[in-house]
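The chain contents come next:
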Amino acid sequence: MATVKPDPSNGSIRLGEVARGSCGSSAGYVTGTVLECAGGSNLTAAAPPAHSALLREQGFSDIAEGTVYALLIRIEQRGLVDVEKVHSGKGPPRKVYSLNAQGQAYLEEFWRTWSFLAERLEQLHKENGSNSSTKEASNHVR
Amino acid sequence: MSDDEKGGFISKVIGPKKRWRAYKARVRRLPPDYRTAVESIERYLMHFVPAHGDSAASMFEDLADLFEQAAADGKPIREIVGEDPVEFAGAFARNYSEGGYVPTRGRKRLTDAIARAEEEVPR
């Protein structure tokens, strides 16, 4: 990652935040995804079938439900969502999350950071792509 | 919480004793395989230094919530903890702690314990 440095003029963008995730290993983008889901519809925590299924549908099939639960607790602790406890027929009361103003701001920041990272990676990929094709051309004389 | 004020070493790790006992009682009411899973995760979480006694108590209560809900929904243990329970437990602990150090043997112990819990005869 040494070659990808955030533009100092973009002081607010921290690559580490996305790469490591403020919520844990590989989980930065999941936080964004979960928040995006929370914006669209309400989420239920505590063995959260709704959003785990939703994430799976979106192709995040390798994320354990417990990990999603941990992220929900995290965004709750950070005050990014409003929480309402709803009694359910079975098990403990379920928490219903909805994105609040602070969460909305975080989500916007997340998208800025994400597009920045995606753009830089794309650029790196393109540079590498042209490099490797030059190498190929010189190695294998056609 | 009057228990808070007495806070000795044990209370720093598990939180107020009253909340700890309530948590343990909830775990005892879980189906045996879920109970095995929770107890192995609980053991693993002891490696992390809680931000404060209160956060330790919340950590165990949230853990109980998760598994009670899973048991109520009949959700398999593996779906909760995922392929790598160490990753789940780490992400979970991070919400409540300043950090910690888990020896390799601790990680292996959790992985093995979850595999054992999975094989336990269903209720």
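Structure: see above.
Residues numbered from 1 in each chain as written. Chains lettered and ligands numbered in written order. Predicted model: local features only at pLDDT ≥ 70, side-chain atom pairs only at ≥ 80, totals over all residues. Heavy atoms only, no water.

Summarise the interface of chain A and chain B; cite the residues concerned and give the values.
At the junction of the two partners, chain A supplies 23 residues and chain B supplies 20 residues. Remark: the boundary between chain A and chain B carries 2 salt bridges. When the shortest N-O distance is used, the salt bridge between Arg-94 of chain A and Asp-73 of chain B registers 3.0 Å. The interface formed by chain A and chain B contains 7 residue pairs in polar contact (both at pLDDT 80 or more). (Contact = heavy atoms within 4.5 Å. Salt bridge = Lys/Arg side-chain N within 4 Å of Asp/Glu carboxyl O. Polar contact = N/O pair within 3.5 Å; in protein donor to acceptor, adjacent residues only side chain to side chain.)

Tell me about the packing of helix 4 (residues 32-45) of chain B against helix 7 (residues 85-94) of chain B, residues and numbers included.
Residue and element names in this part refer to chain B. The contact between helix 4 and helix 7 brings their axes to 10 Å, and the two run at 60°. Taken as axis vectors, helix 4 and helix 7 run oblique relative to one another. As for how helix 4 packs across helix 7, the hand of that crossing is right-handed. From helix 4, Ile-41, Tyr-44 and Leu-45 reach across to helix 7, where they touch Val-86, Phe-88, Ala-89, Phe-92 and Ala-93. Grouping the amino acids of the contact of helix 4 with helix 7 by side-chain chemistry returns 8 nonpolar, no polar and no charged. (Axes fitted to C-alpha atoms, helices over the stretch in contact; angles between N-to-C directions. Helix = DSSP H or I, 4+ residues; strand = E, 2+ residues; numbered from the N terminus. Parallel < 35°, antiparallel > 145°, perpendicular 65-115°, else oblique. Left-handed = near helix turned anticlockwise from the far one by under 90°. Nonpolar A, V, L, I, M, F, W, Y, C, P; charged D, E, K, R; others polar.)

For the environment of Ala-56 of chain B, give the residues involved together with the corresponding values.
One can find Ala-56 of chain B in helix 5 (residues 53-73). Not counting chain neighbours up to four residues away, the residues in contact with Ala-56 of chain B comprise Lys-12, Val-13, Ile-14, Gly-15 and Pro-50 of chain B.

Tell me what's going on with the side chain of Asn-100 of chain A, and back it up with residues and numbers.
Residue and element names in this part refer to chain A. Mapping Asn-100 onto the fold places it in the loop between strand 3 (94-99) and helix 5 (101-139). Within the local environment of Asn-100, its side chain forms a polar contact with the backbone nitrogen of Gly-103, the two atoms lying 2.8 Å apart. Not counting the four nearest positions on each side in its chain, Asn-100 is found in contact with Gly-79, Leu-80, Val-81 and Asp-82.

Mind laying out the packing of aromatic side chains, listing which residues take part and the relevant values?
Inspection of the entire model under this criterion finds 10 aromatic pairs over all chains. Ring geometry for Phe-92 of chain B against Tyr-96 of chain B: centres 5.3 Å apart, planes inclined by 55°, an arrangement best described as tilted. One exposure class covers both Phe-92 of chain B and Tyr-96 of chain B, and it is buried. Taken together, the ring pairs connect Tyr-69 of chain A together with Phe-88, Phe-92 and Tyr-96 of chain B into an aromatic cluster. (Phe/Tyr/Trp six-rings, centres within 6.5 Å; stacked < 30°, edge-to-face > 60°. Buried < 20%, exposed > 50% of the residue type's maximum accessible area, 1.4 Å probe, protein only.)

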